[in-house]
Structure formats: C-alpha cells, structure tokens
There are 2 protein chains.
Amino acid sequence: MDRIPILRMGETLLVTIQIDMQDQTAIALQDDLANKIAATGASGVMIDISALEIVDSFVGRMLSSISGIARILSATTVVVGMQPAVAITLVELGLSLEGVKTALNVERGMELLRRTREEQALGR
Amino acid sequence: MDRIPILRMGETLLVTIQIDMQDQTAIALQDDLANKIAATGASGVMIDISALEIVDSFVGRMLSSISGIARILSATTVVVGMQPAVAITLVELGLSLEGVKTALNVERGMELLRRTREEQALGR
C-alpha cells in the first residue's frame with residue numbers, strides 16, 4: 001500500500017500525507033495528482049501535512065513540484081496543517097516553499113481556494 | 001508517526017486510513033476521534049478506506065466500534081471509498097459492518113451526512 005489516496009470534494013482534490021515520503025511514493029503521488037486534475041478538471045489541490053513532524057528538503061521540493069505541476073494544469077495548491085516546529089525548521093534550512101500557498105487548517109485552505117476560484121472567474 | 005490525522009471540515013471530521021491498522025494505531029484513532037467530536041461538536045465522521053486493499057475482522061470491528069462511539073456522542077459515521085474486492089471479502093467473512101453507514105465516495109458521503117443532519121434537525 002504505497003499510493004496515497006486522493007479524495008475529490010467538489011472542485012478540490014484533498015491529499016493527507018501520513019507517512020514518511022519515499023522517492024517512489026512521492027513520484028506516484030505527483031503522477032496520480034496530475035492525472036486526477038486532468039480527469040476531474042479540479043481547480044484546487046489541498047495537501048494536509050499535519051501528521052508530519054519533520055519536513056526535509058526532499059518533501060519541501062516535492063511540495064513545490066506538485067504545486068508547479070498543478071499550476072500548469074490550472075489548479076491552485078494549498079498546503080495546510082503545517083506544525084509550527086516544521087515551519088521553523090523549513091526557515092532554518094533555507095527552504096521557502098517557493099510558489100506554495102499555505103493555510104492554517106483545512107477550513108481556511110478551502111476558503112483560500114474558494115476566493116482564488118472567484119478571482120479567476122472574474123479574470124483577475 | 002502513528003497517529004492518523006483528523007481533518008475538520010465544517011460539521012464533519014474526515015479521516016483517511018492509508019496504513020495497515022495496528023492495535024495501537026486503532027486505539028489512538030478511537031481516542032482522538034472521541035475527543036475531537038466532543039471538542040468540536042461535530043455531527044458527522046467520514047472515514048475513507050479507499051487505500052485499503054484488505055479489510056480483516058480487526059479493521060471491521062474497529063469501524064463498528066468508532067461508529068458506536070460516535071453515535072453515543074451524537075455523530076453519524078460514514079465509511080467511504082470501499083473497494084469492491086473489500087466488500088466481497090467482508091461478506092465472505094460474514095462481517096456485516098453492523099451499524100456502519102457506507103457511501104461510494106467522499107462527495108456522496110458528505111451528501112448522506114447532510115441529509116442525516118437535516119432529518120435530525122427536523123426531529124425525525
């Protein structure tokens with residue numbers, strides 16, 4: 001069982017990361033997400049990392065990469081649930097999560113995605 | 001990392017099970033869910049098991065047990081994303097998931113919880 005499930009909730013795809021990411025799992029997740037965005041026409045991707053106590057440069061790069069892939073497929077990515085210690089470590093490591101939007105929790109993330117969708121609909 | 005994250009989405013708590021459940025993880029999940037239902041006043045619990053290729057009697061009992069605990073705390077539990085092979089195995093094993101509601105996917109599960117909430121509000 002090394003594929004992370006992707007849940008569809010309306011216009012948003014939700015992924016909860018619970019396990020330490022290995023290369024294979026990360027690549028599979030990127031592939032699955034890209035396919036699912038294309039198949040469903042989802043406009044948002046939410047990645048919950050509240051279970052992660054450590055985010056190293058590998059996971060940081062993966063988040064940036066997913067965000068980049070999603071953007072090309074016209075979907076916005078929001079990372080939610082980051083633990084304070086993880087944020088501190090990321091900054092200490094010099095990892096800025098380039099191009100990745102974040103929100104405190106799922107509800108705020110949903111709100112952010114909804115606003116982004118409305119702005120895009122208005123052509124801003 | 002052996003605690004399964006519980007995501008709050010409005011009135012609903014969402015859990016995605018991605019790993020083979022061990023006794024400790026299952027007990028921790030039951031505790032966490034009970035506490036979170038009490039703390040948030042959530043009226044629904046959604047458990048996604050789309051990543052599980054095997055559901056044995058242990059997991060079956062755990063789902064029934066979570067559902068029972070949630071009911072006492074006045075929340076409805078819906079299990080979503082069950083793979084067809086899992087359903088077949090459950091029936092062959094004689095496990096009927098007593099008292100557990102199911103739905104095909106997260107969206108239908110949300111719809112089911114919404115309807116249940118409305119019926120309860122009407123006092124049926």
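Residues numbered from 1 in each chain as written. Chains lettered and ligands numbered in written order. Predicted model: local features only at pLDDT ≥ 70, side-chain atom pairs only at ≥ 80, totals over all residues. Heavy atoms only, no water.

- You'll find chain A entered in an unreviewed UniProt entry as Anti-anti-sigma factor, with Xylophilus rhododendri given as the organism.

### Notes on the overall build of chain A
- Along its length, chain A carries 4 helices and 5 strands.
- Relative to the globule expectation of 14 Å for 124 residues, the C-alpha radius of gyration of chain A, 14 Å, shows essentially globular dimensions.
- Each principal axis of the C-alpha atoms in chain A carries an extent, and together these give about 40 × 30 × 20 Å.
- Looking at chain A residue by residue over its 124 residues, the buried ones come to 47%.
- For chain A, contacts bridging at least 24 residues in sequence account for 73% of all contacts bridging at least 6. (Helix = DSSP H or I, 4+ residues; strand = E, 2+ residues; numbered from the N terminus. Rg over C-alpha atoms; globule rule 2.2 N^0.38 Å. Buried < 20%, exposed > 50% of the residue type's maximum accessible area, 1.4 Å probe, protein only. Contact = heavy atoms within 4.5 Å.)

### Re the sheet that holds strand β1 (residues 6-9) of chain B
All names here are of chain B.
- The strand order across the open sheet built from 5 strands is β1-β2-β3-β4-β5, with neighbouring strands paired in mixed fashion. A single partner strand is all that each edge strand has here, and the edge strands are β1 and β5 (101-103). Strand-to-strand, the axes of this sheet are offset by a mean angle of 25 degrees, without reference to chain direction.
- Sheet topology note: the β1/strand β2 (residues 12-16) ladder contains 4 bridges and is antiparallel. Looking across to β2, one finds that Arg 8 is bridged to Leu 13.
- Here helix α4 (residues 106-121) sits on the sheet in contact with β1, β2, β3 (44-48), β4 (76-80) and β5, set at roughly 165 degrees to β4. (Pairing = 2+ DSSP bridges. Axes fitted to C-alpha atoms, helices over the stretch in contact; angles between N-to-C directions.)

### Considering the relation of the copies chain A and chain B
- Under the fitted operation, chain A is carried onto chain B by 0.0 Å of movement along the axis and a turn of 180 degrees, and the coordinates agree to an RMSD of 0.0 Å. Interpreted geometrically, this transformation is the action of a two-fold axis.
- When the interface residues of chain A are mapped onto chain B, 100% of them are again interface residues, pointing to one common binding face. (Least-squares fit on C-alpha atoms with pLDDT ≥ 70 in both.)

### Section: the interface of chain A and chain B
- Contacts between the two partners involve 19 residues from chain A, matched on the other side by 20 residues from chain B.
- Across the chain A-chain B interface, the total number found is 0 salt bridges.
- Going through the elements one at a time, β1 (6-9), β2 (12-16) and α4 (106-121) of chain A are the ones with two or more residues in the side of chain A that touches chain B.
- Looking at the side of chain A that touches chain B residue by residue, the classes come out as 11 nonpolar, 4 polar and 4 charged. (Salt bridge = Lys/Arg side-chain N within 4 Å of Asp/Glu carboxyl O. Nonpolar A, V, L, I, M, F, W, Y, C, P; charged D, E, K, R; others polar.)

### Some points on the pairing of β4(B)
All names here are of chain B.
- With 5 of 5 residues buried, β4 lies mostly within the body of the structure.
- What you see with β4 is no split at all: Thr 76, Val 78 and Val 80 on one side and Thr 77 and Val 79 on the other are buried throughout.
- The pairing of β3 with β4 spans 5 bridges and is classified as parallel. By the bridge assignment, Gly 44 is partnered in β4 with Thr 76.
- Considered for its hand, the β-α-β crossover made up of β3, helix α2 (residues 57-72) and β4 is right-handed.
- Taken together, the 3 bridges between β4 and β5 define a ladder with parallel strand orientation. (Right-handed = clockwise from strand over helix to strand, strands pointing away.)

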